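Chains, contacts and geometry: an overview
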Amino acid sequence: MRILSLNCGSSSLKYSLLSMPSGEELAGGEARGVGPPIAVPASIVHRCGTGTVRRTVPLPDHASAFARVMDLLSADPRLHADAVGHRIVHGGARFTRPVRLDRRTMAELDSLGDLAPLHNPPTLALIAACAERFPALPQVAVFDTAFHATIPEFARTYALPAALRDRLAIRKYGFHGISHGFVTGEAAEFLGRPRTALNAVSCHLGSGGGSLCAVKGGKSIDTTMGYSPLPGLVMSTRCGDLDPAVTLRLLAREREDSAAVENILHGHSGVLGMSGFSSDIRDIFARAKGNEGRCSRIEVTAQLYLWRIRRYLGAYLTAAAPVAALIFTDSVGEGVPAVREAACAGLEAFGLSLDPSRNEAPGPLPADVAADDSAVRVLVIHTNEERAIAKAVYGCLCANPNAHPSDHRMEGDRP
Amino acid sequence: MNILVLNPAPAVLGYTLFRPPLRVPVARGAVRGDPGEAALLAVRTAVSAETAGAGPDLIGCRVVQGGDLFRNAVCVRPGTMRAIEGLVSSAPLHLPPLLALLRARAAVFAGVPMVLVFETSFFADLPFRENACALNAACTEGLAARRRGFHGILHEAACAHAAARRRARGLQSACRSLSVCLEPTPEVAAAVGCRPVMTSGGSSPLEGIPGDTTCGEIDPRIVIELARANGWGHEKINQVLSRESGLLGLTGEPVTIAGIFDPATRNGARARRVLAYRLLLACGAGAAAMGGVDAIVFSGRYASSMRFLGPWLRGRLVRAMPRAGEEAVAIECMRDTVEALVAAQAVAALPAREAAFQSRLTAARVRTKSPISTSRSRAITPHFARRRKNVFPPPSSLSDS
């Protein structure tokens with residue numbers, strides 16, 4: 001079965017056509033610059049076999065990006081998809097496993113709009129475009145929140161009045177679940193133990209967003225993101241954790257304009273807001289190198305970014321104890337040894353120590369960069385959300401081709 | 001020798017009168033209404049019987065916010081009030097009542113030295129990486145966004161207590177303490193020796209661990225959603241997050257931290273699990289900040305809950321840190337009240353030229369026969385971990401002119 005995985009970002013569309021169950025990638029790529037025209041023209045980087053081509057094409061929205069991608073794939077009869085999988089950021093409490101999309105599930109996903117006003121709409125528009133062009137093609141939704149459905153009630157409950165929690169469906173949902181779930185499985189395989197016997201802390205550190213996840217028995221028991229992808233670590237333009245009173249003071253200063261406050265906390269804070277230089281923490285580390293101790297904005301940004309990770313590491317190493325593995329993944333987690341080194345420094349009390357030379361040059365991934373005597377193994381694992389989506393789609397369609405999410409209602413669902 | 005401790009808050013003025021050894025109050029109470037001259041007169045009347053009409057010899061005042069200026073207790077002198085006025089925006093509810101007290105003091109307690117003891121002083125040297133939030137500096141200007149902690153007086157004493165107990169066991173290395181302050185707004189701090197390196201507290205009492213009625217840490221987007229979906233303004237949201245959340249929100253009834261450990265409390269189990277888990281996460285973060293843990297020390301009015309929380313927290317921490325045995329992590333309790341600690345700090349903060357006062361106090365301590373001969377009746381001494389340099393100039397006079 002050939003499954004096309006689609007990963008819809010705010011201005012991008014990643015895709016990968018995989019042959020399942022082998023997982024071999026037949027083609028893949030990324031449409032960049034989706035949306036209104038900007039200085040850098042929109043383009044599609046398409047790889048197939050050993051070749052990569054780049055095409056500059058106008059991509060005013062995700063539907064047109066999808067149409068161009070399908071044009072590229074349909075040129076080769078060996079690249080026709082049998083099913084499509086979509087990454088959906090927010091499934092609420094309602095969707096806790098992959099579901100086949102039909103009119104009914106689409107209506108239910110639409111009703112979650114309040115929970116994810118920024119993230120779900122582009123994907124839902126893409127699904128509609130796909131259904132219109134290929135009405136017979138099975139489509140499956142895979143949710144970033146689903147892996148965190150196992151977070152126990154005491155960890156997912158905010159200490160707010162029950163009426164508010166119920167009415168607005170306020171609870172911790174967590175995000176990056178496809179990635180956390182994928183690397184947890186890879187770690188268990190790497191360590192040669194059943195997934196259900198693995199306690200771990202997974203650090204998904206991307207150049208945009210990032211989160212940590214405490215994993216016990218292969219299941220998520222806590223994560224740094226919450227009701228939305230805003231809290232937790234310091235991210236590229238998101239503030240992460242923030243005293244509620246500060247948000248209230250901002251609200252007062254912005255004359256109760258909640259959209260303006262959201263814009264500040266989502267788009268002008270984090271690494272960019274603190275440094276005033278770049279939203280990519282890798283630029284900050286590069287600039288900070290050799291300028292340590294100067295208390296510049298660059299250095300305090302780097303320090304705060306690392307410290308927030310360290311704090312949560314301590315919290316989750318305790319919550320998921322005894323932990324067998326600490327996992328680093330995504331662009332920063334895989335590609336910046338200094339982040340791993342700083343985050344793990346001084347955690348010997350937790351039975352965790354890095355081998356500096358292994359950490360500096362981990363070699364082919366997955367790799368173990370812990371010292372020989374470290375009780376906690378430190379693994380660097382390449383995340384592959386597209387492959388995880390394809391695997392979930394394959395499992396969903398093989399297990400029950402006509403499955404409907406109403407078969408999977410969980411406790412706490414909204415009526 | 002009478003030392004009056006004042007605790008000004010919105011619409012209420014708490015007072016406690018001590019005599020050496022300072023630990024057991026001889027009078028205490030609260031005067032309803034905004035602190036000011038009338039409230040101070042009521043306090044003077046209330047304690048006059050205990051002072052044989054002479055009034056207090058020294059006033060200590062607990063202050064929740066000292067900003068960057070007040071890194072130690074200070075005697076009130078000309079200019080103090082002006083400095084406090086500059087901090088009002090950072091604690092708009094708590095500092096105006098203090099200012100009202102300072103204005104009324106000369107009329108009610110003329111000539112009596114007054115010392116301000118700040119909850120934030122202990123955290124004055126908290127590393128930037130711990131006290132900062134990831135906002136654009138232009139956005140935070142005037143927002144008082146810096147994390148300061150709110151129970152510094154208890155934390156400082158608790159960490160000093162744990163360190164002293166460790167030394168008494170013959171262990172000389174700096175004590176890595178997790179200080180669990182169980183007040184209506186609970187707070188966890190981590191300190192190496194008595195130098196804080198982490199706190200769960202924020203720039204307001206809302207942040208951190210859920211309290212009796214405060215929400216604790218929540219996703220910032222929830223605040224935005226409450227404004228967007230309900231059309232609420234910041235004051236209404238603040239009311240909900242400050243007064244209707246926390247353990248009240250979880251159980252649906254007014255309950256304290258001690259109350260949720262009572263099996264009769266409705267929905268107590270859920271609140272207990274939420275609170276205990278949040279404390280555990282904070283302790284884990286503190287342990288990471290210190291590179292290990294030597295002691296968990298409880299303080300605050302609900303410190304008795306350590307019976308349940310102490311062994312559980314220790315067990316979970318030791319499971320995470322396999323190289324430390326349970327015996328390596330002590331569970332301690334610092335039972336002094338914040339009022340007694342304010343009194344002790346007030347005495348210690350008097351300037352050298354008040355040596356006569358100090359020696360009278362020492363003499364009084366020697367003469368005082370303690371009513372009960374337990375360790376709790378020992379004379380309280382100020383738990384100064386270290387002296388921090390005040391940015392605010394040292395006192396040159398004992399009273400506002």
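Structure report, in brief. (Residues numbered from 1 in each chain as written. Chains lettered and ligands numbered in written order. Predicted model: local features only at pLDDT ≥ 70, side-chain atom pairs only at ≥ 80, totals over all residues. Heavy atoms only, no water.)

It is common to give the size of an interface as the accessible area that goes away when the parts come together. With 75 residues of chain B in contact, the opposing surface of chain A contributes 76 residues. Here chain B packs against chain A, burying approximately 6300 Å² in sum over the two surfaces, 63% of which is carbon and sulfur. Three residues stand out in chain B for area buried against chain A, namely Arg 129, Ala 134 and Arg 221 of chain B, and they jointly supply 11% of the buried area on that side. One can count three salt bridges joining chain B with chain A. Note that Arg 270 of chain B and Glu 153 of chain A form a salt bridge whose closest N and O atoms lie 3.0 Å from each other. Counting the contacts that link chain B with chain A gives 18 residue pairs in polar contact (both at pLDDT 80 or more). Counting residues per element, the ones that place at least two in the side of chain B that touches chain A are helix H4 (128-131), helix H5 (137-140), strand E9 (195-199), helix H7 (220-230), helix H8 (234-243), helix H9 (246-251), helix H11 (268-290) and helix H12 (306-320) of chain B. Among the elements that make up the side of chain B that touches chain A, the one with the highest residue count is H11 of chain B (twelve residues). Class assignment for the residues of the side of chain B that touches chain A results in 41 nonpolar, 17 polar and 17 charged. (Contact = heavy atoms within 4.5 Å. Buried area = accessible area lost by both parts, 1.4 Å probe. Salt bridge = Lys/Arg side-chain N within 4 Å of Asp/Glu carboxyl O. Polar contact = N/O pair within 3.5 Å; in protein donor to acceptor, adjacent residues only side chain to side chain. Helix = DSSP H or I, 4+ residues; strand = E, 2+ residues; numbered from the N terminus. Nonpolar A, V, L, I, M, F, W, Y, C, P; charged D, E, K, R; others polar.)

Now for the nonpolar core. Judged by nonpolar contacts, the single largest core of 96 residues is most densely connected at Leu 205 and Tyr 305 of chain A. With 15 residues, the single largest contributor to this core is H11 of chain B. Non-local contacts of Leu 205 of chain A, meaning those with residues more than four positions away in its chain, are made with Gly 210, Leu 212, Leu 233, Tyr 305, Ile 309, Phe 328, Thr 329, Asp 330, Ser 331, Val 332, Gly 333 and Val 339 of chain A. (Core = buried A, V, L, I, M, F, W, Y, C linked by side-chain atoms within 4.5 Å. Buried < 20%, exposed > 50% of the residue type's maximum accessible area, 1.4 Å probe, protein only.)

Residue and element names in this part refer to chain A. A cis geometry characterises the amide bond from Met 20 onward to Pro 21, with omega recorded as 10°. Mapped onto the fold, Pro 21 is located in the loop between strand E2 (12-19) and strand E3 (24-32). A cis geometry characterises the amide bond from Leu 365 onward to Pro 366, with omega recorded as 0°. Turning to its location among the elements, Pro 366 is positioned in the loop between helix H14 (356-360) and strand E13 (367-368). We note that His 176 has phi near 60°; this positive angle belongs to a residue other than glycine. Along the chain, His 176 falls in the loop between helix H5 (162-167) and helix H6 (177-191). By relative accessible area, His 176 is classed as buried at 10%. Even without glycine at this site, Arg 255 takes up a positive phi of about 55°. Looking at the element boundaries, Arg 255 is found in the loop between helix H7 (244-253) and helix H8 (258-267). Of the residues examined, Arg 255 reaches a relative accessible area of 75% and is grouped as exposed.

These figures capture arrangement, not role.
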